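Each chain, letter by letter, is given below.
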Amino acid sequence: MSKFNNISVALCASVLSFVCALSLSESQIMGDGKEYLLYARAFAAHLSPEIKQEDILHVASMLDKSAPRFREEMEKFGKEYAINGLQYGKGFVTSPGGELFSWHFWLYPLFVAPFFEVTDRLGLPPAYAFTLCNWAFALGALTYLLFLWNASPTQKILLAALFLLTGTTYYIWWSHPEVFTASLILLALMMTSDKRYGLAMMFGAIAATQNPPLVLLICLIAAIAAFDISQENKNFILGIKLSLIGSKIFPYLLASLVIAFLPVFYFQYMLGVANPIAAGGSADSALISLGRLGSLFFDINMGMIVAAPGIFAGILIVLLASAVDLNGNGWRRVVGRNWFLFACVALSLAMALPALATTNWNHGHSVFSRYAYWLAVPLIYGLVVSLNNITSRMRVFTVIAIICIQLGVVTYYGLFGKNGRSDYLSFKPISDYVLLNFPGLYNPIPEIFIERLNRQEGVPNASDANQHIFAYPSANQPTKLLLTKFVADSVEKECSPASVVSSEGEWTYMNLQPNSKCSLAIAHQPF
């Protein structure tokens, strides 16, 4: 390794060490963190994922200062409502036999458990255990990227920068498996391009235990491996047969699928349901729609676009540069040259579909959706690999442009995404501007609009929704109304909206001209 490379590695290590130290002070038990924390304590205490009363009491004593509401909530763990013989409550499930389980799987907190044991013995905040575990996975991915991945220095610089600047620092301090998932996806993709297909599938499988849509990543890796073998043998059918029978790919594929479906086997055996989240009513396949897919990527409050515009800019630059280089000689040649980039886009879209079924769309997050964070990794990777398809001058321009855009974004939201622009219960400044001046251009999923308008979680159910008209920015001079179709006709006569847009479920948006007169007894009070 040259002297320049040694200095570069030392500088990067120093910066990462500084950011790691800072992130520990930002650590918090967020979102579903209480579930993962109890799992980690259970593994550390009795090497079992079953959450016992002593685990709950121990964690409660640790959180008395940082999360005093934990003691109030713990009385409702797995005890709020019953469905098909199982008791649900606060993200927990009580089996007919009385055992308490989280409805999320336990593999991520199993990795957290050793860090929890250390922090617990040292009397450190339990949130530190998650941040340290998250860094272990992130640094593992970065180590492979810098020292083992077969790529050019330019590609390594851009991939490392994008991995860190498109959400990793926003979620590194969370007690959640987002960084765990993103790191394993990145490792799987790099190993796929290095033709380490078996390991790639195994890493994808481990990630899939916490985010099941990643089964599609395993299938893609297996397909690429089979195609590679067929190319070596110059016979597609023979290649498929060899990949299934005469190579090491099939055993790895089989093992990976077993690992990926371990949560299904486990919960079916312990609780009698394959997916306690869906069985508990927190996922509904009827909610999957193009509107939600667009929201996940392009919503200006929580979509991927708000935290990673550099990805979209980079993809656009690569495609335009490819078209220019080919003298505009057909879009098919552009697609053919950038087939891997399009494959990564397709993978990201396909993996997004199951996530659209969640009933908690405006979920707690840092800057942008948790799903969008790890779904961005295939796009990042496809973009970086596709840099080889453009000229060296354009490649340098693209790298500089993307990194500058993302540095600006991180500066805007803060290194750890903790300023007021990042809150999931308030409108981002750009959406405020659009809603005030061009309300017809932005019609978000109703839950996003209602919760950010009210600055609290919760959406009225179908029986109560007709009692509410939600007005932005205020009832006195609204520019946008959200109401049910049931009352839309009568309100439309009074307000003469510029446009009426049907939204999810029974909801309808009415977009008014700025300074229009619309006097209604509008209620968007807490419900």
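These numbers were taken from a predicted model, which means no experiment stands behind them.

A few words now on the side chain of S175. Structurally, the position occupied by S175 is in the loop between α7 (153-171) and α8 (178-193). Overall, the relative accessible area of 0% leaves S175 in the buried class. Within the structure, the side chain of S175 is placed 2.8 Å from the backbone nitrogen of M30, a separation counted as a polar contact. S175 has contacts with Q28, I29, M30, G33, Y36, Y108 and F130, leaving out every residue within four places of it along the chain.

Another aspect to go through is the sheet that holds strand β7 (residues 499-502). With respect to topology, four strands assemble into an open sheet ordered β5-β6-β8-β7, the strand pairing being antiparallel. Two strands bound the open sheet, and with one partner strand each, they are β5 (470-472) and β7. With strand direction ignored, the average angle separating the axes of adjacent strands in the sheet is 20 degrees. In the sheet, β7 pairs with strand β8 (residues 507-511) via four bridges, with the strands oriented antiparallel. Bridging from a neighbouring strand, V500 pairs with M510 of β8. This element, helix α23 (residues 446-454), spans β5, β6 (480-484) and β8 of the sheet and lies at about 70 degrees to β5.

For any two helices packed against each other, one specifies the inter-axial angle together with the distance between the axes. Running from N to C, helix α19 (residues 339-355) and helix α20 (residues 370-385) point in directions that differ by 170 degrees, and their axes come no closer than 8 Å. Between α19 and α20, the interaxial angle falls into the category roughly antiparallel. Contact residues: F340, L341, C344, V345, L347, S348, M351, A352 and A355 in α19; Y371, W374, L375, P378, L379, Y381, G382, L383 and V385 in α20. Class assignment for the residues of the contact of α19 with α20 results in 16 nonpolar, two polar and no charged.

This model, assessed by the stated rule, comprises 33 aromatic pairs. Between the aromatic rings of F111 and F137, the centroid separation amounts to 5.2 Å while the plane-to-plane angle is 90 degrees, which identifies the pairing as edge-to-face. Placement of the pair is F111 in helix α5 (residues 107-122) and F137 in helix α6 (residues 127-147), with a sequence separation of 26 residues. Exposure remark for F111: the relative accessible area of 33% places this residue in the partly exposed category. Among the residues examined, F137 registers a relative accessible area of 16% and is labelled buried.

The biggest cluster of nonpolar side chains holds 148 residues, and the ones touching the most others in it are M304 and F368. With twelve residues, the top contributor of residues to this core is α20. Excluding its chain neighbours within four sequence positions, the residues that come into contact with F368 are T166, G167, Y170, Y171, M302, G303, M304, V306, A307 and Y373. I469, A471, V487 and C518 belong to the second largest nonpolar core, which has eleven residues in total.

Scanning the model with the defined rule gives nine salt bridges in all. A salt bridge links R370 to E178; its shortest N-O distance comes to 3.6 Å. Placement of the pair is R370 in helix α20 and E178 in helix α8, with a sequence separation of 192 residues. The pair R370 / E178 is uniform in exposure class, with both members buried. For R455, the salt bridge goes to D423, with nearest N and O atoms at 3.6 Å. Linking R455 in the loop between α23 and β5 with D423 in the loop between α21 (392-413) and α22 (429-437), this pair joins segments that are 32 residues apart in sequence. Among the charged side chains, a network of salt bridges with common partners joins D32, E178 and R370.

Residue position: K52 is located in the loop between α2 (33-46) and α3 (53-62). Through-space distance from the C-alpha of K52 to that of A372 is 34 Å; in sequence the pair is 320 residues apart.

This part takes up empty space enclosed by the protein. As enumerated under the stated definition, the model contains one cavity of 30 Å³ or more in all. Counted as a void, the largest cavity has a volume near 50 Å³. Along the walls of the largest cavity sit L189, T192, L217, L220, I221, I224 and F340, which together make up its complete lining. Of all elements in the fold, only α8 and α10 (215-233) reach the threshold of two or more residues within the lining of the largest cavity. The class makeup of the residues in the lining of the largest cavity is six nonpolar, one polar and no charged.

This paragraph deals with the packing of α7 against α21. Interhelical geometry of α7 versus α21 gives an angle of 20 degrees and a closest axis separation of 10 Å. For the element pair α7 / α21, the angle class is roughly parallel. Every pair of crossing elements has a handedness; the one defined by α7 and α21 is left-handed. Contact residues: T154, I157, L158, A161, L162, L165, T166 and Y170 in α7; R395, V399, I402, I403, Q406, L407, V409, V410 and Y413 in α21. Among the residues forming the contact of α7 with α21, the class breakdown is 13 nonpolar, three polar and one charged.

On to a nonpolar patch on the surface. Taken together, the side chains of F250, L254, V258, F261, L262, V264 and F265 define a hydrophobic patch exposed on the protein surface, amounting to about 570 Å² of accessible area. Of all the elements in the fold, those that place two or more residues in the nonpolar patch are α12 (249-260) and α13 (262-271). Classification of V258 by relative accessible area gives partly exposed; the value is 43%.

In terms of burial, β8 is largely enclosed, as five of its five residues are buried. The side-chain alternation of β8 yields two buried faces, one formed by W507, Y509 and N511 and the other by T508 and M510. By the bridge criterion, five bridges tie β6 to β8 in an arrangement that is antiparallel. Directly across from L483, in β8, lies its bridge partner T508.

The rules behind these values
- Residues numbered from 1 in each chain as written.
- Predicted model: local features only at pLDDT ≥ 70, side-chain atom pairs only at ≥ 80, totals over all residues.
- Heavy atoms only, no water.
- Helix = DSSP H or I, 4+ residues; strand = E, 2+ residues; numbered from the N terminus.
- Buried < 20%, exposed > 50% of the residue type's maximum accessible area, 1.4 Å probe, protein only.
- Polar contact = N/O pair within 3.5 Å; in protein donor to acceptor, adjacent residues only side chain to side chain.
- Contact = heavy atoms within 4.5 Å.
- Pairing = 2+ DSSP bridges.
- Axes fitted to C-alpha atoms, helices over the stretch in contact; angles between N-to-C directions.
- Parallel < 35°, antiparallel > 145°, perpendicular 65-115°, else oblique.
- Nonpolar A, V, L, I, M, F, W, Y, C, P; charged D, E, K, R; others polar.
- Phe/Tyr/Trp six-rings, centres within 6.5 Å; stacked < 30°, edge-to-face > 60°.
- Core = buried A, V, L, I, M, F, W, Y, C linked by side-chain atoms within 4.5 Å.
- Salt bridge = Lys/Arg side-chain N within 4 Å of Asp/Glu carboxyl O.
- 1 Å grid on protein atoms, 1.4 Å probe; cavity = no way out; pocket = protein on both sides within 12 Å on 5 of 7 lines; lining within 4 Å.
- Points joined across faces, edges and corners; volume = space filled by probe spheres on them.
- Left-handed = near helix turned anticlockwise from the far one by under 90°.
- Patch = residues over 30% accessible without salt bridge, like charges linked within 9 Å, V, L, I, M, F, W, Y side chains within 5 Å.
- Areas by Shrake-Rupley, 256 points an atom, 1.4 Å probe, with all protein chains shown as cover.

Structural measurements only, silent on function.
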